[in-house]
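# Commentary on secondary and tertiary structure
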Amino acid sequence: RDKKMVELFSKVIKNRRDNPDVKHSDGTDILSIFMDVKYKDGSAITDEQVTGLLIALLFAGQHTSCITSTWTSLFILNNPAIVERIVEEQTNAFESDPDAAVDYKMVNEQ
């Protein structure tokens, strides 16, 4: 899997480097920022380093969300009063329509 991500990111970076006159973005996306990074001595980071940063960023976000969800779930399950409140809230939310889709409005009203 890692090899495929490296290949994918490498192709995108190469395409941007090979076609500097094409407007790929407004320059504020994370790939553009990483590609423009310079060390204090003015030297640019390598494409391999850009790829590594992108992969680290991708996995950092996934791991953070996963860990937060896991700890939240454990905290909830170890507190029966909180579980009771959550079940009550969900029962009330779906009382009128048990098959209702969960949307932003519904979540915001909780």
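Since the structure is predicted, the reported quantities are computational estimates derived from the model, not experimental observations. (Residues numbered from 1 in each chain as written. Predicted model: local features only at pLDDT ≥ 70, side-chain atom pairs only at ≥ 80, totals over all residues. Heavy atoms only, no water.)

## Re the overall build of the protein chain
Across its full length, the protein chain holds five helices and zero strands. Each helix and strand of the protein chain, ordered N terminal to C terminal, gives the series α-α-α-α-α. The C-alpha atoms of the protein chain give a radius of gyration of 22 Å, which is well past the 13 Å a tight globule of 110 residues would have. On the principal axes, the C-alpha backbone points of the protein chain span a range of 60 × 30 × 30 Å. With 110 residues in all, the protein chain has 13% of them scored as buried. Across the protein chain, contacts joining residues at least 24 apart in sequence account for 32% of those joining residues at least 6 apart. (Helix = DSSP H or I, 4+ residues; strand = E, 2+ residues; numbered from the N terminus. Rg over C-alpha atoms; globule rule 2.2 N^0.38 Å. Buried < 20%, exposed > 50% of the residue type's maximum accessible area, 1.4 Å probe, protein only. Contact = heavy atoms within 4.5 Å.)

## Overview of the pattern of salt bridges
For the structure shown, the criterion picks out three salt bridges. With a closest N to O distance of 3.1 Å, R16 and D29 form a salt bridge. Remark: D29 occurs in the loop between helix 1 (2-18) and helix 2 (30-35) and R16 occurs in helix 1; sequence separation between them is 13 residues. Take R16: its relative accessible area is 16%, and that puts it in the buried class. R17 is the partner of D47 in a salt bridge, and the nearest nitrogen-oxygen pair spans 2.8 Å. In this pair, D47 is assigned in helix 3 (residues 47-77) and R17 in helix 1, connecting sequence segments 30 residues apart. Judged by its relative accessible area of 29%, D47 is partly exposed. (Salt bridge = Lys/Arg side-chain N within 4 Å of Asp/Glu carboxyl O.)

## A closer look at a nonpolar patch on the surface
There is a patch of nonpolar side chains on the surface, built from I30, I33 and L57 and spanning about 250 Å² of accessible area. As for its placement among the helices and strands, I30 is situated in helix 2. (Patch = residues over 30% accessible without salt bridge, like charges linked within 9 Å, V, L, I, M, F, W, Y side chains within 5 Å. Areas by Shrake-Rupley, 256 points an atom, 1.4 Å probe, with all protein chains shown as cover.)

## Some thoughts on the nonpolar core
If you look at the biggest cluster of nonpolar residues, it comprises seven residues: I13, L31, F34, M35, I45, V50 and L54. The set of elements that each furnish at least two residues to this core consists of helix 2 and helix 3. It is helix 2 that contributes the most residues to this core, three residues altogether. In this structure L31 touches V12, I13, R16, V50 and L54, once residues within four positions along its chain are discounted. (Core = buried A, V, L, I, M, F, W, Y, C linked by side-chain atoms within 4.5 Å.)

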